[in-house]
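One letter stands for each residue in the lines below.
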Amino acid sequence: MENQQLIPQLGFGTYGRNGKEGIDAILCALETGYRHLDTAQTYDTEFETGEALRRSGIARREVFMTTKISTDNFGDGKLIPSLEKSLEAMRVDQVDLTLIHWPAPNGAIALEVYLSQIAEAQERGLTRLIGVSNFTIALLQQAEAIIGKGRIINNQFELNPLIQNKKLADYCQRNDILVTCYLPIARGTLSGDPVLSSIAGNHAATVEQVIIAFELAKGYCAIPTSSRAERIRSNFAAGKLQLKQEEIALIETLDRNQRTIDPDWGPDWD
Ligand SMILES: NC(=O)c1ccc[n+]([C@@H]2O[C@H](COP(=O)([O-])OP(=O)(O)OC[C@H]3O[C@@H](n4cnc5c(N)ncnc54)[C@H](OP(=O)(O)O)[C@@H]3O)[C@@H](O)[C@H]2O)c1
């Protein structure tokens, strides 16, 4: 995978990290060592993300910053001004990665319309890299036919032990599209799982650390979030946890294709 080195594998999600408490949590993540922040126009955390970076004193180039274009901003002539507004909110000249947050609901706007605009945003230097989120294999293929192979470097979608999205993840990896897992720790709902608890026991780790270590071992990026300093730190420490091959194989058996985020206007999932 040529693109493997482009994005720090462990990032900090910012969904729900709004206001003063949100800034404190993002700042805590930066102080802990996270160098990849994931925001979106719809989270209302672009300001918080930029503000935490500014307060941290860490140089802009040290931190990989992603934002996502809301489906409201796909119309002709709307995407670039919306990204300029995002940069203003974050107080940066360029983001590292801009994603199409979702395919247009019910396909109401043609892929060409918004993909050509995000490609132009990259050409103008507003974003270093471009990618997508919640795209299926069919949509990725259509997108590549429109803007060319190799242009889309990342697909962000729901992936955790309960929904391992193997077919899509394999397709992405075979085509050098980095996989980013959202809901990477299934929002903390797996703490009582016996298989994960037993693996966690082998390493004196938490279940969430085991899950994150699993995703990193698969070569994916993971962007867990938390409002609490101790969890922000313990999730980050998962970056040092090495699972054995047999533990990874056991976690693979937990896949239930159990999707949490599934709007009725979403795509036909693989
Ligand atoms: N592209 C998309 O469509 C999309 C969709 C959803 C999310 N995302 C991105 O993915 C990021 C992560 O997803 P997410 O926030 O929905 O889910 P998540 O990271 O899987 O889970 C976060 C939740 O788990 C809890 N938590 C965190 N660490 C924990 C730990 N060690 N033990 C137990 N519970 C823990 C947190 O509660 P506390 O705050 O109480 O710790 C929080 O409620 C988002 O922030 C966002 O950036 C993208």
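The structure this text deals with has already been given above.
Computed from a prediction, not measured in an experiment: that's the story for all the values here.

(A) Highlighting the packing of aromatic side chains. Evaluated as defined, the whole model comprises six aromatic pairs. Judged by centre distance (5.9 Å) and plane angle (65°), the ring pair of Trp 102 and Trp 269 falls under edge-to-face. Of this pair, Trp 102 sits in the loop between β4 (95-100) and α4 (111-123) while Trp 269 sits in the segment after α10 (245-252), and the two are 167 residues apart along the sequence. On the accessibility criterion, Trp 102 (11% relative accessible area) is buried. An aromatic cluster is built from Phe 12, Tyr 34 and Phe 236, whose rings are joined through pairwise contacts.

(B) The packing of α4 against helix α5 (residues 137-147), seen in detail. For the pair α4 and α5, the least separation of the axes is 10 Å and the interaxial angle reads 60°. Considering their axes alone, α4 and α5 lie oblique with respect to each other. Judged by the sense of rotation from one axis to the other, the crossing of α4 with α5 is right-handed. Contacts from Leu 111, Glu 112, Leu 115 and Ala 119 in α4 reach Leu 139, Gln 142, Ala 143, Ile 146 and Ile 147 in α5. Of the residues that constitute the contact of α4 with α5, the class distribution is seven nonpolar, one polar and one charged.

(C) Region of interest: the environment of Ser 226. When you line up the elements, Ser 226 lands in the loop between β8 (221-222) and α9 (229-237). For the pair formed by Ser 226 and Ala 237, sequence separation is eleven residues and the distance between their alpha carbons is 14 Å. Beyond its immediate sequence surroundings of up to four residues, Ser 226 is in contact with Phe 12, Arg 17, Ala 25, Arg 231 and Ile 232. Polar side-chain contacts of Ser 226 include one of 3.0 Å to the backbone nitrogen of Arg 228.

(D) How the structure looks around the pairing of strand β7 (residues 178-182). In terms of burial, β7 is largely enclosed, as five of its five residues are buried. Residues of β7 alternate between two faces, with Leu 178, Thr 180 and Tyr 182 on one and Val 179 and Cys 181 on the opposite face, all of them buried. Relative to β7, strand β6 (residues 152-158) is paired through five bridges, and the arrangement is parallel. Bridging across to β7, Asn 154 finds its partner in Leu 178. Following the backbone out of β6, through helix α6 (residues 166-174) and into the adjacent parallel β7, one traces a crossover that is right-handed. Sheet analysis places β7 next to β8, joined by two bridges and oriented parallel. For Thr 180, the partnering residue across the bridge sits in β8 and is Cys 221.

(E) Layout of the side chain of Gln 156. Following the sequence through the fold, Gln 156 ends up in strand β6. Gln 156 sits in the buried class, given a relative accessible area of 2%.

(F) Spotlight on the site of the ligand. Close to the ligand lie 28 residues; Asp 38, Ser 133, Ser 226, Ser 227 and Arg 231 are nearest. Taking Ala 186, its main chain carries an N or O atom lying 3.4 Å from an oxygen atom of the ligand. In this structure, an oxygen atom belonging to the ligand sits 2.7 Å away from a side-chain N or O atom of Arg 231. Here the ligand, which alone exposes 900 Å², has 88% of that area covered by the protein. Residue composition of the shell around the ligand, by class: eleven nonpolar, eleven polar and six charged.

Criteria and cut-off values
Residues numbered from 1 in each chain as written. Predicted model: local features only at pLDDT ≥ 70, side-chain atom pairs only at ≥ 80, totals over all residues. Heavy atoms only, no water. Phe/Tyr/Trp six-rings, centres within 6.5 Å; stacked < 30°, edge-to-face > 60°. Helix = DSSP H or I, 4+ residues; strand = E, 2+ residues; numbered from the N terminus. Buried < 20%, exposed > 50% of the residue type's maximum accessible area, 1.4 Å probe, protein only. Axes fitted to C-alpha atoms, helices over the stretch in contact; angles between N-to-C directions. Parallel < 35°, antiparallel > 145°, perpendicular 65-115°, else oblique. Left-handed = near helix turned anticlockwise from the far one by under 90°. Contact = heavy atoms within 4.5 Å. Nonpolar A, V, L, I, M, F, W, Y, C, P; charged D, E, K, R; others polar. Polar contact = N/O pair within 3.5 Å; in protein donor to acceptor, adjacent residues only side chain to side chain. Pairing = 2+ DSSP bridges. Right-handed = clockwise from strand over helix to strand, strands pointing away. Near = heavy atom within 4 Å. Areas by Shrake-Rupley, 256 points an atom, 1.4 Å probe, with all protein chains shown as cover.

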